[in-house]
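Topology and contacts: notes
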Amino acid sequence: MWKWIKTSGIWPMAGALMAASLLAGCASTVTSQVTAFRQPGWNDAPPRTYAFERTAAQQNDLERQTYEAWTSDQLAAHGFTTAPRASARYLVRLDYSTATRLVQVRQPVYPDPYLGPGPWGPWRSPWGPWGPWGPQYVDTNVQVPFYAYHVDIDEAATGKRVYQVTAQTQGGDGSLAAVMPYLIRSAFANFPAPNAQPVLVELPVDPSVKPAPK
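Right, let's walk through the structure included here. Everything numeric in this text was worked out from a predicted model, so none of it was measured. (Residues numbered from 1 in each chain as written. Predicted model: local features only at pLDDT ≥ 70, side-chain atom pairs only at ≥ 80, totals over all residues. Heavy atoms only, no water.)

1. Overview of unusual backbone geometry
This is how it is decided: Secondary structure elements are defined from DSSP: runs of H or I of at least 4 residues count as helices, runs of E of at least 2 residues count as strands, and each element is numbered from the N terminus.
With an omega dihedral of -5°, the bond running from proline 46 to proline 47 counts as a cis peptide bond. One can find proline 47 in the loop between β1 (29-38) and β2 (49-52). With an omega of -15°, the peptide bond between phenylalanine 191 and proline 192 qualifies as cis. Its location among the elements puts proline 192 in the loop between α3 (176-187) and β7 (199-204).

Shown next as structure tokens:
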């Protein structure tokens, strides 16, 4: 169930509206669905030191390092600082993915307006090419890119998970790198977010900062 919240940059709305706006072409905003879960009683009280947790295969992944740097920017805005793994209070793990999904879109269909002989000719009408009734609409399945960004925050000493958040969006031209700045900012827009209360976060597109979705 959606919680209706309005804070800085957070606008809950129906998921169908998000799909429609992204399918419409170049959008002026990027809307992400964000859901967080937190350990009961946990808050982000100091010390707020952390280190990123990676597998051996991820150590030299330049794409991951870029997304970690953007994640660090958001954590720093909330008072978190990086530390050596041995002394960090938290371990932060991030994951991300892209896929293609079928989305149903309602589109207009204009019937062939044969009207027969008349003062306007056999193919014309004073109401326009589809007569006085307007266009018909049909539901069409189209393939739409879908993106997800996920963060886990664990206590380093115990391995206990204290917070996790997922941000998801769809549309654009299929470029994960173009969407990730908005997903990451959305994930931390209301940090630490209430437990299990999904919201939609709407951010303005800013092509001057990092690549923006088309």
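That covers the picture; the talk isn't over yet.
2. Some words on the side chain of serine 186
Selection criterion: By the convention used here, residues are in contact when the closest approach between their heavy atoms is within 4.5 Å.
Summarising the element assignment, serine 186 is placed in helix α3. Sequence-distant contacts of serine 186, defined by excluding residues within four places in its chain, comprise Ser32, Val34, Val201 and Leu203.

3. Concerning the packing of aromatic side chains
Applicable threshold: Working definition: a ring pair exists when centres of Phe, Tyr or Trp rings (six-membered ring for Trp) sit within 6.5 Å. Plane angles under 30 degrees give stacked, over 60 give edge-to-face, the rest tilted. Between buried and exposed lies partly exposed: a residue is buried under 20% and exposed over 50% of the maximum accessible area for its type, with that area taken using a 1.4 Å probe on protein chains only.
According to the stated counting rule, one finds 11 aromatic pairs in the structure shown. With centroids separated by 6.2 Å and ring planes inclined at 85°, the aromatic side chains of tryptophan 42 and tyrosine 90 adopt a geometry described as edge-to-face. Of this pair, tryptophan 42 sits in the loop between β1 and β2 while tyrosine 90 sits in strand β4 (residues 90-109), and the two are 48 residues apart along the sequence. For the pair formed by tryptophan 42 and tyrosine 90, the shared burial category is buried. A connected cluster of aromatic rings, assembled from ring pairs, spans Trp42, Tyr50, Phe52, Phe80, Tyr90, Tyr163, Phe188 and Phe191.

4. What about the pattern of salt bridges?
Stated formally: Each salt bridge in this description consists of a side-chain nitrogen of Lys or Arg and a carboxyl oxygen of Asp or Glu lying within 4 Å of one another.
For the structure shown, the criterion picks out 7 salt bridges. For aspartate 139, the salt bridge goes to arginine 106, with nearest N and O atoms at 2.9 Å. With aspartate 139 in strand β5 (residues 136-155) and arginine 106 in strand β4, this residue pair connects regions lying 33 residues apart in the sequence. Given a relative accessible area of 40%, aspartate 139 falls into the partly exposed group. Classification of arginine 106 by relative accessible area gives exposed; the value is 57%. A cluster of three or more residues bridged by salt bridges with shared partners is formed by Glu53, Arg85, Arg93, Asp152, Asp154 and Arg161.

5. Considerations on helix α2 (residues 62-77)
Quick note on the threshold: One less than the number of residues in a helix, times 1.5 Å, gives the span that helix is expected to have. Nitrogen and oxygen atoms within 3.5 Å of one another constitute a polar contact, given that in protein one can donate a hydrogen and the other can accept it, and given that sequence-neighbouring residues count only through two side-chain atoms.
For α2, spanning 16 residues, the distance from its first C-alpha to its last is 23 Å, which sits close to the expected 22 Å at 1.5 Å a residue. Along α2, the positions that sit buried rather than exposed are Arg64, Tyr67, Glu68, Trp70, Thr71, Ser72, Gln74 and Leu75. Those residues of α2 that are buried are in contact with β2, β3 (81-82), β4, β5 and α3. You can read the cap of α2 off the contacts: a side-chain oxygen lies 3.0 Å from the backbone nitrogen of glutamate 63, and it is on aspartate 61. Count one or two residues on from α2 and you reach glycine 79, which has phi positive near 85°.

Shape is all these values report; function is a separate question.
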